[in-house]
Amino acid sequence: MAQFRYQALSATGEPLSGQMDAASAEEVIAKLQDAGHVPVEARRADEVDSGPGWASLLRKKALTAEQIQQFTEQLATLLGAGQPLDRALAILLDLPEAAAARKVIASVRDAVRGGTSLSTALEQQHGLFSRLYVSTVRAGEVGGSLHETLARLAEYLDRSRGLRARVVNALIYPAILFGVVGLSLIFLLGFVVPQFQQMFDGLNAQIPLMTRIVLGVGNGVRNYGWLLPVLLIAFLWWADRKRRDPAFRRALDEWLLRRKLLGSLVARAETARLARTVGTLVNNGVPLLQSLTIARNVLGNRVLAEAVDVTAEEVKTGSGLAHALSRRGVFPRLAVQMVQVGEESGELDTMLLRTADTFDRETAQAMDRFLAALVPALTILMAGVVGVVILSILFPLFDLTSSIG
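Residues numbered from 1 in each chain as written. Predicted model: local features only at pLDDT ≥ 70, side-chain atom pairs only at ≥ 80, totals over all residues. Heavy atoms only, no water.

## Notes on the overall build of the protein
Inference 1: Along its length, the protein carries 17 helices and 3 strands.
Inference 2: Per-residue burial over the protein gives 40% buried out of 405 residues.
Inference 3: In the protein, the proportion of contacts linking residues at least 24 apart, taken out of those at least 6 apart, comes to 61%.
Inference 4: Entry remark: accessible area of the protein is about 22200 Å², with carbon and sulfur atoms responsible for 60%. (Helix = DSSP H or I, 4+ residues; strand = E, 2+ residues; numbered from the N terminus. Buried < 20%, exposed > 50% of the residue type's maximum accessible area, 1.4 Å probe, protein only. Contact = heavy atoms within 4.5 Å. Areas by Shrake-Rupley, 256 points an atom, 1.4 Å probe, with all protein chains shown as cover.)

Below you can see the structure in the form of structure tokens.
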């Protein structure tokens, strides 16, 4: 027996959490379902939920994002064609070429054949499937429309993967530019600039303040350049530690939302994720209050997640969703207006999905504009830094040449 932490929703939509002694996570979920609750998450109490650290970023995953999207789409197609779940998983087991991918699918199939639900089997794959993925599948199971839910989920994953790929491709050139210019600047400061120090000292010349600063930085890079990688590693370690601190994460999320351009981009992206999750759950027959509680777990910004918590409390007391969202003041006004139209027309789920499509497009357009402006801005910045270094050395040389002549 081991202790498991769990999160669930009661029949009235009340969020529940606590610990339970059980032999496995499946037993915890079964007990919660027998009590009339909707399980959201169940994991061992001794597991540390620290998020993806640097080690996990270097670890190769058994299934890539593309493979997960293909698995979801193919499973939805097979279920829609009338195949039983265990048979569909057995068919998918023969498709991947990588042994690690086949092992994951085999583990899911064996768990399903043993009586475990698909969502629980996916949740047991050590974080391979995201909380959004597991929660959406669980909602499809509760609503009795698993293949439709998987089809929508595959579409969402494909859209998210496409946006991520566009961002990564657009960042390749700026990253190369930054790296090349940065290394050139370190070489210039560490090996070229200090050569002029001896010349200026030998001429006993009065040099400007900016030149003295550049010479000091150059001598510092030359003498203590070995500290740069140490400082970089120390900074990454500090950033990773702070990222795990809930108070720091919340303060950072709040600061991001207050920025005029970046805050708007974050709010749009998170609103699209929230609207798509809630819309999918409601469309599958999950009550609105339970949908909000589940969707809250897929938001990356803690300030917006807390706003959803308060919104759920107001909805529980009879408030409309649009009114409750507008009172928080952190969600885009257009999203609130679209939700209000959905409530008034009786098509809240449809309008939420349209809201998600709208804000997904706006987020993609904003990212494209940002990335298009990043390259020239970075080029100008780096050229300006290099220009200041060069001119700081050349101007005193011109003055000395003029005075000698």
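Back to the text.
## Focus on the environment of E270
Inference 1: Tracing the backbone through its elements, the reader meets E270 in helix α12 (residues 260–283).
Inference 2: Accessibility expressed as a relative area gives 8% for E270, which makes it buried.
Inference 3: For E270 and F331, which are 61 residues apart along the polypeptide, the C-alpha to C-alpha distance reads 9.0 Å.
Inference 4: Ignoring any residue separated from it by four or fewer positions in sequence, one finds E270 in contact with L299, G300, N301 and L304.
Inference 5: Looking at E270, its side chain comes within polar contact range of the main-chain nitrogen of N301, at 2.6 Å. (Polar contact = N/O pair within 3.5 Å; in protein donor to acceptor, adjacent residues only side chain to side chain.)

## Notes on helix α5 (residues 99–113)
Inference 1: Between the first and last C-alpha of α5 there are 21 Å, a value that for 15 residues agrees with the 21 Å anticipated at 1.5 Å per step.
Inference 2: If you check which residues of α5 are buried, you get A101, V104, I105, A106, V108, R109, A111 and V112.
Inference 3: Within two residues after α5, G115 carries a phi angle of roughly 100 degrees, on the positive side. (Expected span 1.5 Å × (residues − 1).)

## Details of the confidence of the model for the protein
Inference 1: Across the protein, pLDDT averages 80, with 89% of residues at or above 70.
Inference 2: Mean pLDDT in the protein bottoms out at helix α2 (residues 54–58), which sits at 45, and peaks at helix α16 (residues 333–345), which reaches 90. (pLDDT = per-residue confidence, 0-100.)

## Re a nonpolar patch on the surface
Inference 1: Taken together, the side chains of L209, M210, I213, V217 and V388 make up a nonpolar region of the molecular surface, amounting to roughly 440 Å² of accessible area.
Inference 2: The biggest single contributor to the nonpolar patch is helix α9 (residues 209–224), with 4 residues.
Inference 3: By secondary structure assignment, the location of V388 is in helix α17 (residues 348–404).
Inference 4: Judged by relative accessible area, which is 43%, V388 ranks as partly exposed. (Patch = residues over 30% accessible without salt bridge, like charges linked within 9 Å, V, L, I, M, F, W, Y side chains within 5 Å. Salt bridge = Lys/Arg side-chain N within 4 Å of Asp/Glu carboxyl O.)

## A look at the pattern of salt bridges
Inference 1: Applying the stated criterion across every chain, the model contains 12 salt bridges.
Inference 2: R109 is the salt-bridge partner of D110, the closest N and O atoms lying 3.1 Å from each other.
Inference 3: A residue is classified by how much of its surface remains accessible, and R109, at 16% relative accessible area, is buried.
Inference 4: R327 is the salt-bridge partner of E314, the closest N and O atoms lying 3.2 Å from each other. On the criterion of sequence distance, the pair formed by E314 in helix α14 (residues 302–316) and R327 in helix α15 (residues 321–328) is long-range, its members being 13 residues apart.
Inference 5: With relative accessibility at 51%, the residue R327 sits in the exposed group.

## Details of α9
Inference 1: Spanning 16 residues, α9 covers 22 Å between terminal C-alpha atoms, matching the ideal 22 Å at 1.5 Å per step.
Inference 2: Three or more residues of α9 are buried, namely T211, V214, L215, G218 and V221. End-on, the buried residues of α9 take up no more than an arc of 125 degrees, which puts them together on one face. For α9, the exposed residues set more than 90 degrees away from the buried face come down to L209 and Y224. (Arc of directions from axis to C-beta.)

## Notes on empty space enclosed by the protein
Inference 1: Under the definition given, this model contains 2 cavities of 30 Å³ or more.
Inference 2: Computed from the structure, the largest cavity encloses a volume of approximately 110 Å³.
Inference 3: What lines the largest cavity is a set of 13 residues, and nearest its centre among them are L274, A275, L325, V339 and L352.
Inference 4: It is α12 that contributes the most residues to the lining of the largest cavity, 4 residues altogether. (1 Å grid on protein atoms, 1.4 Å probe; cavity = no way out; pocket = protein on both sides within 12 Å on 5 of 7 lines; lining within 4 Å. Points joined across faces, edges and corners; volume = space filled by probe spheres on them.)

## With respect to the nonpolar core
Inference 1: The biggest cluster of nonpolar side chains holds 33 residues, and the ones touching the most others in it are F71, L75, L122, F129 and Y133.
Inference 2: Among the secondary structure elements, those contributing two or more residues to this core are α3 (65–80), α4 (85–93), α5, α6 (118–123), α7 (131–143) and α8 (146–203).
Inference 3: Top contributing element to this core by residue count: α5, with 7 residues.
Inference 4: What Y133 contacts, discounting residues up to four positions off in sequence, is I68, F71, T72, L122, L150, L153 and L157.
Inference 5: Counting residues in each nonpolar core, the second largest holds 27 residues, with A267, A275, A322 and L325 among its members. (Core = buried A, V, L, I, M, F, W, Y, C linked by side-chain atoms within 4.5 Å.)

## Some remarks on the packing of aromatic side chains
Inference 1: All chains considered together, the criterion is met by 5 aromatic pairs.
Inference 2: Taken together, a centroid distance of 6.2 Å and an interplanar angle of 70 degrees make the contact between W238 and F248 edge-to-face. Taken together, the residues span a long stretch of sequence, with W238 in helix α10 (residues 227–243) and F248 in helix α11 (residues 246–258) at a distance of 10 residues.
Inference 3: Joined through ring pairs, the aromatic side chains of F71, F129 and Y133 make up one cluster. (Phe/Tyr/Trp six-rings, centres within 6.5 Å; stacked < 30°, edge-to-face > 60°.)

## With respect to the packing of α15 against α16
Inference 1: Packing of α15 against α16 brings their axes to within 8 Å, and their N-to-C directions diverge by 165 degrees. The angle between α15 and α16 falls in the class roughly antiparallel. For the crossing formed where α15 meets α16, the hand is left-handed. Residues L321, A322, L325 and S326 of α15 touch α16, and the partners they reach there are V336, V339, Q340 and E343.
Inference 2: A class-by-class count of the residues in the contact of α15 with α16 yields 5 nonpolar, 2 polar and 1 charged. (Axes fitted to C-alpha atoms, helices over the stretch in contact; angles between N-to-C directions. Parallel < 35°, antiparallel > 145°, perpendicular 65-115°, else oblique. Left-handed = near helix turned anticlockwise from the far one by under 90°. Nonpolar A, V, L, I, M, F, W, Y, C, P; charged D, E, K, R; others polar.)

## Things to note about the packing of helix α13 (residues 288–296) against α14
Inference 1: At a minimum axis distance of 9 Å, the contact between α13 and α14 shows a crossing angle of 170 degrees. Judged on the interaxial angle alone, α14 and α13 are roughly antiparallel. For the pair α13 and α14, the contacting residues are L288, L289, L292 and R296 in the first and A305, V308, D309, T311, A312, V315 and K316 in the second.
Inference 2: Considering only residue class, the contact of α13 with α14 consists of 7 nonpolar, 1 polar and 3 charged.

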